[in-house]
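# Reading the structure
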Amino acid sequence: MENFFNNTNHQVSTPLVTQYDDLKDNYQQIFIEAAESIRVEVNKFKPENPCNLCTVKDCKIEKKDVFTLYPVNCTYREWQLKILTFLAGDYRQKLKNTYKIMMDKKSEYSCARCGGCCRLATSEFSYSQLKQKAMKGDKFASDFVSVFVPFESEEDAKKANPEYFQLLNELVENQKIYYYYCPKLDGNECSDYQNRPDVCKDFPHNPLKLLPSTCSYNEWKKSVSKTAMMLKAKVDIIEFYKNKLG
Ligand code: SF4
Ligand code: SF4
């Protein structure tokens with residue numbers, strides 16, 4: 001396979017602000033759809049009028065919905081436990097399958113060789129935190145620190161991609177962002193292409209993250225963003241069920 005940074009012909013441009021606005025505008029509606037689809041699934045297990053056969057005489061529970069607190073031997077409590085098993089088992093597996101299909105679809109697109117992802121990368125972790133994670137066996141962190149190094153200053157990071165830098169600074173208020181670059185990038189080319197780690201081969205790792213405007217995977221991101229948002233919403237909702245019913 002040729003060095004994928006050689007070709008500079010296929011340049012696309014999806015402004016970062018547009019990417020961000022698309023995600024923000026759609027997420028609320030998608031979250032509501034996700035919650036409704038999970039509600040339909042869990043209601044399939046709901047027992048029909050178990051109180052008619054119940055021996056507890058002084059039950060005061062009037063509203064019998066999924067998040068009500070039920071006594072241990074109540075049939076509705078059994079329903080809640082079935083829901084937890086379902087969400088952690090079959091349903092989670094279904095989501096994993098959808099995730100795989102979404103990520104596999106990335107292979108329909110190819111890298112535009114713009115070098116954007118090598119020129120400026122970000123992490124919520126400092127360089128020393130990443131090295132610690134790597135030492136503890138975190139593969140992503142290990143790959144990351146094997147090629148990326150921190151910028152000397154935020155000013156240098158800003159010069160690498162002013163648009164990306166500005167947007168991150170506007171959006172992320174309460175979290176420190178660390179900026180990195182890869183010294184192996186030579187112009188737009190990887191000078192060590194054959195030995196690049198998986199963190200480079202697999203980029204982009206998440207269609208919900210902002211990509212450099214010149215990244216050709218913006219097309220993939222656009223084609224799967226609704227699926228990705230739906231998956232994220234469902235995973236968050238499952239977590240909510242787990243906390244409430246567990
Ligand atoms: S090793 Fe190559 S592909 Fe990976 S970040 Fe550096 S320049 Fe980019
Ligand atoms: S930003 Fe996208 S198109 Fe540019 S080099 Fe990285 S993966 Fe390829």
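Residues numbered from 1 in each chain as written. Chains lettered and ligands numbered in written order. Predicted model: local features only at pLDDT ≥ 70, side-chain atom pairs only at ≥ 80, totals over all residues.

The local shell around ligand 1 consists of C118, V147, C182, K184, L185, C190, D192, R196 and C200. Its residues assigned to classes, the shell around ligand 1 comprises six nonpolar, no polar and three charged. (Near = placed C-beta within 6 Å. Nonpolar A, V, L, I, M, F, W, Y, C, P; charged D, E, K, R; others polar.)

Taken together, 13 residues are adjacent to ligand 2, and C111, C114, G116, C117 and C215 come closest. For the shell around ligand 2, the residue count by class is eight nonpolar, four polar and one charged.

This next bit is on the packing of helix α5 (residues 127-135) against helix α6 (residues 139-147). Pairs of packed helices are described in terms of their axes, by the angle between the two and the distance that separates them. At a minimum axis distance of 7 Å, the contact between α5 and α6 shows a crossing angle of 130°. The orientation of α5 relative to α6 falls into the category oblique. Judged by the sense of rotation from one axis to the other, the crossing of α5 with α6 is left-handed. Judged by residue contacts, L130, K131, K133 and A134 of α5 engage A141, S142, F144 and V145 from α6. When the residues that make up the contact of α5 with α6 are grouped by side-chain class, the tally is five nonpolar, one polar and two charged. (Axes fitted to C-alpha atoms, helices over the stretch in contact; angles between N-to-C directions. Helix = DSSP H or I, 4+ residues; strand = E, 2+ residues; numbered from the N terminus. Parallel < 35°, antiparallel > 145°, perpendicular 65-115°, else oblique. Left-handed = near helix turned anticlockwise from the far one by under 90°. Contact = placed C-beta atoms within 7 Å.)

Pairing between sheet strands relies on hydrogen bonds along the backbone, with the strands arranged either parallel or antiparallel. Here we have three strands laid out as an open sheet, ordered β1-β3-β2, and antiparallel in their pairing. At either end of the open sheet lies a strand with only one pairing partner, and these are β1 (121-123) and β2 (149-150). Of the strand pairs in this sheet, β1 and strand β3 (residues 178-181) are connected by three bridges, and their pairing is antiparallel. In the strand pairing of β3, S123 is matched with Y178. (Pairing = 2+ DSSP bridges.)

Take the nonpolar core next. Grouped together as the largest cluster of nonpolar side chains are 26 residues, with contacts concentrated most on L120, F144 and F148. At the level of secondary structure, the elements contributing two or more residues to this core comprise α6, α8 (162-171), β3 and α9 (198-201). Per element, the largest residue contribution to this core is four residues, and it comes from α6. Excluding residues within four positions of it along the chain, F148 makes contact with A121, Y180, Y181 and C182. Of all hydrophobic cores here, the second largest spans eight residues; its members include A34, I38, M229 and M230. (Core = buried A, V, L, I, M, F, W, Y, C linked by C-beta atoms within 7 Å. Buried ≥ 20, exposed ≤ 12 C-beta atoms within 10 Å, placed from the backbone.)

Turning our attention to the environment of M229. Note that M229 resides in helix α10 (residues 218-245). Sequence-wise, M229 and L171 are 58 residues apart; in three dimensions their C-alpha atoms are separated by 18 Å. Every residue in contact with M229, bar those within four places of it in the chain, is listed here: L23, N26, Y27, I30 and L208.

With that settled, the discussion passes to α6. Those residues of α6 not exposed but buried are A141, F144, V145 and V147. The buried residues of α6 occupy an angular sector of 170° when the element is viewed end-on, so they sit on one face. Buried positions along α6 lie against α5 and α9. (Arc of directions from axis to C-beta.)

Closest axis-to-axis distance for the helix α2 (residues 75-88)/α10 pair is 10 Å, and the angle between their directions is 145°. In terms of crossing hand, the pair formed by α2 and α10 is left-handed. Between α2 and α10, the residues in contact are Q80, I83, L84 and L87 and I238, Y241, K242 and L245, respectively. Its residues assigned to classes, the contact of α2 with α10 comprises six nonpolar, one polar and one charged.

Per-residue confidence for the protein chain gives a mean pLDDT of 88, with 91% of residues at or over 70. Mean pLDDT in the protein chain bottoms out at helix α1 (residues 16-43), which sits at 84, and peaks at β2, which reaches 98. In this model, residues 1-12 is a region of pLDDT below 50 whose contacts with residues beyond four sequence positions or in other chains number 25 contacts. (pLDDT = per-residue confidence, 0-100.)

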